[in-house]
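Fold and contact review
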Amino acid sequence: MLLSLLTFLPLVGALLVAVLPTRGNAALRAVTLGVTLVVAALGVWVFLGFEGASAEAQYVESHAWFTLGNIQVTYRLGVDGLSILLVALTAVLMPFVAAASSGHIHTRQREFLVWLLVMETGMMGVFLALDVMLFYFFWEVSLVPLYFILGIWGAEKRIYATLKFFLYTLSGSLLMLVAIIAAVYGSGHSDIAGITDWAASQPLARTGWLFAGFAIAFAIKVPLIPFHTWLADAHTQAPTAGSVILAGVLLKMGTYGLLRFGIAMFPAAAISAAPLFLALGAVGILYGAFLAMAQTDVKRLIACSSVSHLGFVVMGMFALTAAGLRGGVLQMINHGLSTGLLFLLFGAIYERRHSRDIAQFGGLAACVPIFAFFWTFSMLASVGLPGLNGFVGEWLILLGTFQASPLIAALAVTGVIFGAVYLLKATRGLLFGPVIHEENRSMPDLRLAEIAVVAPLCLACLWIGVAPGGLLNKTTGSVEALVQRLDAARGTLQSAMLDDVERPR
Amino acid sequence: MESNWLWLIPGLPFMGSVICGALHFLTLRARERNPEAKGPAALAGPIAAGLVGLAFVLTTVAFSAIRGEDRTLLQSAPWNWIPVDGHTVAGVAMVVDRLSAAMGLVVTGVGFLIHVYATGYMHGDRGYAKFFAYLNLFVAMMLVLILSSSIVGTFVGWEGVGLCSYLLIGFWYDKQDGWPAEAGQKAFIMNRIGDASFLLGMFLLFKNFGAFDYASINAAAEATHAAGASTGQLALAAALLFGGACGKSAQLPLFTWLPDAMAGPTPVSALIHAATMVTSGIYLIIRLNPLYALAPQVMYGVAVVGALTAFIAGSSALVQRDLKGVLAYSTVSQLGYMFLALGSGAWVAALFHVITHAFFKALLFLGAGSVIHGMHEEQDMHKMGGLRRYMPRTFITFLAGAGALSGLPLLSGFFSKDEILGHTFALGGTWYLLWLVGVGTAALTAYYTWRMVALTFFGPERFDAKALHPHESPAVMTLPLVVLALLAVAGGLLGLPHIFHVPHLLHHWLEPVTHAGDAIRFGEHAPHLAAGTEWMLLGFGALIALYFADRGFHAHKSGLAADEAFQARGGALARTLNNAWGIDRFYTRGVVATVKLAAVFIAVVIDQLGIDGAVNALGRGARRTGESLRRFADGSIAGYGLWMGAGAAVLVLVLTWMGV
């Protein structure tokens, strides 16, 4: 019941906000904030009660839903070590997004809040669903709100960005649907565990195709190069709240999907494809970093940095080692926090100056010192300074990758350098140097309400950086079970190659 | 027995940093109401200095606890930082052993003096409290670097000091069109290049030894040696870690950030870019001496890099006009000596030079700061001259520092430098060549040091004394100078040559740390110089120092004639030295420009025109197809049904083909 509450409470809230008979927006905002806060409390409750050493799904709820032929589709929710951190992140991040949105959403607030809450339901469902059909349902549900948020409250080129986002995502969804249908009919199961068991006995020739279908769909969402070009436009055009959710949670649906439906469901195929994904991850790290270096639009720069950071996540997961997988899972959270912070902070500046062009700034450290402090802090979290969250994730990922392929790790480690280059460059452009534009001098510093949003997130970055065990230990059981299954699959693959005997179909 | 109070040693300055940061923001709030309000910022200086002083006291306590033979280290409970997987944890404990105690005393001791000095130097600065927040954070991070039981902990400090360096170099970020901010950025990025190498070295060590803590790594290195196992990967790991050291300790090819780092306030240059942070690389190699001893080829590389860096930087110091510029290149050069020592297997000599250098170079930088302060922010020596009359205390103490740096007999630098060169000489063979480079650099050092003294304090005044009013600095600044001057003069007592028939204190002290490396590198037969040879080398070193100091001083004591003559007739040589051998220019014009070009190429050509262009073309194509397909959407239900059926059939075909 707990997980259903976690998933559908936001939807109830959305309905409430939609019908609440009030003219003012304050009550609507209060309801939204209240609902997200309750969900956050529930999420934390689930997180604290979660047994990290166990590999089993916990808090499981299972009800028959409908049948497809003789296949039973179930409403099955549960949380395990691969999803627990993302569930907690989603739950905890949303109140901040809701609170921050009051600063920059001035039109059609009721609609905006409704979409925000619907989106939370979709995202929660994606991370909690243990049945592929249910997963697909939530996956699609989560797309619609962003479509509207981008299209209605976006910046000047929002229609182009929205269309691009929609077409990209739709192509991915269709591909995934084909893969899901194939997997469900092939296995006769709709629940993830059933398909996984079935896949273990199938030849690589078959699971390979299924893996590819899922993997490409999720790669678009992550996005992995070369499917990344929708991201920069979407991020740049989205209102701050949209950018934060996009970076904070939505992109993680892609990396989570790769982990759950790519690696965990089809371990043998993942092992065969790992070199490709390692390379794509590493190249993505550098490609994203170089893209970011060339940007003059601050939001676009942060968006490109996401491509780079998510390259780290994908690389770590496809290292297929315990360190890499743990690092990958943790880095999803880290990226959500630090990139979310950068978007929130720049959003505050954008509200004041209505420009994203870095040349319009400079010397802000003297004008808005509190902003400067929080920006520098968040930038350092993103750069991966030890003691803050980003380092722990990157370090584990690089270590795990090094164990799998020292050469790829050596390539990727240069991302540590280039990551510093573009973020320091942005910081230099915003904060340092003399004040060039007089209007910046009178810019008001962060208000208390804004500080109340960013300060707790910064504290979270610090907490994860200093004591990451609290999060990492939640993943131990699931990751170890996964590594064992990968080892088993590796053994099967090798013996298959050694035998080279025609297997009975 | 665990000594958890050791966490207080970095903990106190860290607390200071938080307090000073809070004071800064309180001051800002006070200024919002009244721009001229003082706020509580003035408290920051005494608090910061006091806490570093307290850390010094604690370090002294730890130091005295490990003096005996029975107990040579104290260790705290570990912080279980990163659980790598279900079994391994990358943890950090605080350890005070013979090496970290010595380094810790230098960091907290010299650090304390510089904090005291800075309370005077930074007086009246609008970022006074912020400055001490950064400076205290630096000391805390430096102590984490030194006291960590594991290489992961050292890396935390390693990057932490890099951060503070970045923040402090760019402290006056709005001056000179933002150049200090650029310099800070450059330092951070060049350090990161080294850090990337450091990370790979750390991973490779973990792959081989399965451990991050120094005790296990060093024990495993000894075991590898004892078993006679292959050392190829270990040598690579050592080389990669040395790459990290090259970044932090400003060695070839990564040294060019250090001269630019002089954009920071002078106490920062003294503390971070002379006395402590830049010696981290030397510390790391001494800490891992058994590992390096396993890889003689890497050690040779370390020595070559050190000697070349010493020479290139030393020669560049000859022509600098900026007072701090001379000291910056001099620092790079002296760090080169330390790496030459490490490469020669002279771990103790390297640490000896770290310590004496901390004394005399901190002294020289603070002296230079006093001069700059008294000259109202003038740094160009060509606009100084004759200052000994205006700032006698600064002058006298500066002489002590200059004497030590140039290796004048019996001063601290004389002994530490002599010990390094003696070790290199004793190895024979191609090491004679490196020794020669070292001696040549000693000559350069003596020359540029006394040129600096002559241009600054002697000769005619090349400024308008009536307008400028040069003045001596307040006591809070000159007192630290006096203490450091005493140390710079007497520091040699720590390691007198054994031909003096007195114990080499430092050698004895470090024995528990370095004996493993010595045993692996040299076995039973450490190279040894005959007493006669050693006397000869000592005398030769003294002569070189005295002769070139004399030349440097007399050529410049009466004005700029020698400088101008060299610039006019020096030709290519002058140009090369002015540009520090063109290495920095190569980076800016070659590397940085290439990276920028690549970024634009990737962003515009590959991404926008290539990938995104293809996507948009696909979109246009789809729209055209959609338009032509419109006639199929004729509104008849039968038609839709037909297409739906066809679609389903295709889907079924695909699935069948996939063998589902």
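Quick caveat, the model's predicted, so the values are computed rather than measured.

**Observations concerning the overall build of chain A**
Counting its regular elements, chain A contains 20 helices and 2 strands. Structurally, chain A occupies a C-alpha span of about 75 × 55 × 40 Å along its principal axes. Looking at chain A residue by residue over its 505 residues, the buried ones come to 67%. Taking contacts inside chain A between residues at least 6 apart in sequence as the whole, the part at least 24 apart equals 81%. Looking at chain A as shown, the accessible area adds up to about 16100 Å², and 68% of this sits on carbon and sulfur atoms. Positive and negative side-chain charges of chain A, numbering 27 and 25 respectively, have mean locations separated by a distance of 8 Å.

**A word on unusual backbone geometry**
That bond from I225(A) to P226(A) is cis: its omega, 5°, falls within 30 degrees of zero. Within the secondary structure layout, P226(A) lies in the loop between α8 (204-221) and α9 (229-237). Despite not being glycine, H376(B) shows a phi value in the positive range, around 55°. Structurally, H376(B) is set in the loop between α15 (347-374) and α16 (392-405). We note that L410(B) has phi near 75°; this positive angle belongs to a residue other than glycine. Along the chain, the position of L410(B) falls in the loop between α16 and α17 (412-427).

**Considering the pairing of strand β2 (residues 71-79) of chain A**
Residue and element names in this part refer to chain A. The buried fraction of β2 amounts to 7 of the 9 residues, a majority that puts the element mostly inside the structure. Bridging between strand β1 (residues 58-68) and β2 involves 8 bridges; their strand directions are antiparallel. The residue bridging F66 from the neighbouring strand is V73, located in β2. Linking two consecutive strands that pair antiparallel, namely β1 and β2, is a turn of 2 residues; a positive phi of about 60° is found at G69 within it.

**A closer look at the packing of α17(B) against helix α22 (residues 531-556) of chain B**
Residue and element names in this part refer to chain B. Interhelical geometry of α17 versus α22 gives an angle of 130° and a closest axis separation of 10 Å. The orientation of α17 with respect to α22, classified from their angle, is oblique. Read as a crossing pair, α17 and α22 show a hand that is right-handed. From α17, F414, D418, G422 and F425 reach across to α22, where they touch T533, L537, L538, G541 and A542. A breakdown of the residues in the contact of α17 with α22 according to their chemical character gives 5 nonpolar, 3 polar and 1 charged.

**What to know about the environment of F171(B)**
Residues and elements named next belong to chain B. Checked against the element boundaries, F171 lands in the loop between α5 (151-169) and α6 (179-209). Separated by 94 residues in the primary sequence, F171 and P265 place their C-alpha atoms 7.4 Å from one another. If sequence neighbours within four positions are ignored, F171 has contacts with M122, D125, G127, K130, F131, Y134 and P265.

**Focus: a nonpolar patch on the surface**
Residues and elements named next belong to chain B. The grouping of V600, F601, V604, V605, I606 and L609 at the surface amounts to a nonpolar patch, some 490 Å² of accessible area in total. In this fold, I606 is placed in helix α25 (residues 583-629). Using a relative accessible area of 32% as the deciding quantity, one classes I606 as partly exposed.

**Focus: the side chain of H235(A)**
Along the chain, H235(A) turns up in helix α9. Excluding residues within four positions of it along the chain, H235(A) makes contact with S243(A), L246(A), A247(A), L251(A), K299(A), A303(A), S306(A) and F343(A).

**Structural notes on the pairing of strand β2 (residues 79-83) of chain B**
Residues and elements named next belong to chain B. Two elements, β2 and strand β3 (residues 89-92), share 3 bridges in a ladder whose sense is antiparallel. Within β3, the residue paired with I82 across the bridge is A90. As consecutive antiparallel partners, β2 and β3 are separated by 5 residues.

**Examining the pattern of salt bridges**
All names here are of chain A. One pass over the structure, following the stated rule, counts 20 salt bridges over all chains. One salt bridge connects R447 with E450, and the closest N-O pair in it is separated by 3.4 Å. Residue class for R447 comes out partly exposed when judged on its relative accessible area of 47%. Relative accessible area serves as the criterion here: at 15%, E450 is assigned to the buried category.

**Notes on the interface of chain A and chain B**
By a frequent convention, interface size equals the accessible area lost on bringing the separate parts together. Contacts between chain A and chain B engage 69 residues on the former and 55 residues on the latter. Both sides together, the interface formed by chain A and chain B hides about 5300 Å², and carbon and sulfur atoms give 77% of it. Of all residues in chain A, W395(A), F402(A) and L424(A) give up the largest surface area on contact with chain B, accounting jointly for 13% of the area buried on that side. For the pair chain A and chain B, the number of links is 2 salt bridges. Residue R428(A) pairs with E182(B) through a salt bridge whose shortest N-O separation is 2.7 Å.

**Quick word on the environment of D233(A)**
Among the structural elements, D233(A) can be located in helix α9. Looking at D233(A), the relative accessible area reads 6%, which means it is buried. Separated by 68 residues in sequence, D233(A) and F165(A) place their C-alpha atoms 8.3 Å apart. In this view, D233(A) contacts Y160(A), A161(A), K164(A), R300(A) and D612(B); residues no more than four positions away in its chain are not counted.

**Concerning the packing of α6(B) against helix α8 (residues 232-248) of chain B**
Residues and elements named next belong to chain B. With their axes 7 Å apart at the nearest point, α6 and α8 run at an angle of 155° to one another. Comparing the axis directions of α6 and α8 gives the class roughly antiparallel. Of the two possible hands of crossing, α6 and α8 adopt the one that is left-handed. Of the residues that constitute the contact of α6 with α8, the class distribution is 12 nonpolar, 9 polar and 2 charged.

**Some thoughts on the environment of F371(A)**
All names here are of chain A. Looking at the secondary structure, you find F371 in helix α15 (residues 369-383). Separated by 73 residues in the primary sequence, F371 and P444 have C-alpha atoms spaced 9.8 Å apart. With near-sequence residues (within four places) excluded, F371 lies in contact with L345, I349, L364, L431, D445 and L446.

**Details of helix α19 (residues 448-466) of chain A**
For α19(A), built from 19 residues, the straight-helix expectation of 27 Å at 1.5 Å per residue is met to within 8% by its first-to-last C-alpha distance of 26 Å. By the burial criterion, the buried members of α19(A) are E450(A), I451(A), V453(A), V454(A), L457(A), C458(A), C461(A), I464(A) and G465(A). The secondary structure elements touched by the buried residues of α19(A) are α3 (84-104), α13 (322-353), α15, α16 (389-404) and α20 (469-499) of chain A together with β2 of chain B.

**Structural notes on the packing of aromatic side chains**
Per the counting criterion, the structure on display carries 61 aromatic pairs over all chains. Ring centres of Y128(B) and F132(B) lie 5.1 Å apart, and the angle between their planes is 65°; this geometry places the pair in the edge-to-face category. With Y128(B) and F132(B) both in helix α4 (residues 128-147), this residue pair falls 4 residues apart, about one helical turn. What links up through ring pairs into an aromatic cluster is the set F391(A), W395(A), F402(A), W81(B), F155(B), W158(B), F198(B), F203(B), F206(B) and F212(B). Against the face of F171(B) rests K130(B), its NZ or CZ located 5.4 Å from the ring centre.

The rules behind each value
- Every chain begins its residue count from 1, and numbering advances along the sequence as written.
- The order in which chains are written sets their letters, starting at A; the order in which ligands are written sets their numbers, starting at 1.
- Since the coordinates come from a predicted model, pLDDT governs what is reported: local features require at least 70, and pairs of side-chain atoms require 80 or more to be given and counted, while whole-chain, interface and lining totals use all residues.
- Computation of side-chain values: all heavy atoms of the structure, hydrogens and water removed.
- Helix and strand assignments follow DSSP, with helices taken as H or I runs no shorter than four residues and strands as E runs no shorter than two, numbered in order from the N terminus.
- Remark: exposure states derive from per-residue accessible area (1.4 Å probe, protein chains only) relative to the maximum for the residue type, with buried under 20%, exposed over 50%, and partly exposed in between.
- Contacts: residue pairs with any heavy atoms within 4.5 Å of one another.
- The Shrake-Rupley method, run with a 1.4 Å probe, gives the accessible areas here. Residue values count only the displayed protein chains as cover.
- Charged-residue counts in this description rest on Lys and Arg as positive and Asp and Glu as negative, His and the chain ends being excluded.
- The location of each charge is read from NZ of Lys, CZ of Arg, CG of Asp or CD of Glu.
- When DSSP finds two or more bridges between two strands, those strands count as paired.
- Only the stretch in contact is used when a helix axis is fitted, and all axes are lines through C-alpha atoms; the angle between N-to-C directions ranges over 0 to 180 degrees.
- For this classification, under 35 degrees means roughly parallel, over 145 means roughly antiparallel, 65 to 115 means roughly perpendicular, and everything else is oblique.
- The handedness criterion is simple: a crossing whose near helix is rotated anticlockwise from the far helix by less than a right angle is left-handed, and one whose near helix is rotated clockwise is right-handed.
- Three classes are used, and their members are as follows: Ala, Val, Leu, Ile, Met, Phe, Trp, Tyr, Cys and Pro are nonpolar, Asp, Glu, Lys and Arg are charged, and the others, Gly among them, are polar.
- For patch building, the residue pool is restricted to those with more than 30% relative accessible area and no salt bridge; the joining distance is 9 Å between like charges and 5 Å between nonpolar side chains (Val, Leu, Ile, Met, Phe, Trp, Tyr).
- Salt bridge, as applied in this entry: a Lys or Arg side-chain nitrogen positioned within 4 Å of an Asp or Glu carboxyl oxygen.
- Computed with a 1.4 Å rolling probe, the buried area is the accessible surface lost when two parts are put together, summed over both parts.
- Expected span of a helix: the number of residues minus one, times 1.5 Å.
- Geometry of aromatic contacts follows a simple scheme: Phe, Tyr and Trp rings, the Trp one being its six-membered ring, pair when their centres are within 6.5 Å, and the pair is stacked under 30 degrees between planes, edge-to-face over 60, tilted otherwise.
- Our definition puts a charge over a ring when NZ of Lys or CZ of Arg is within 6 Å of the ring centre and also within 35 degrees of the ring normal.

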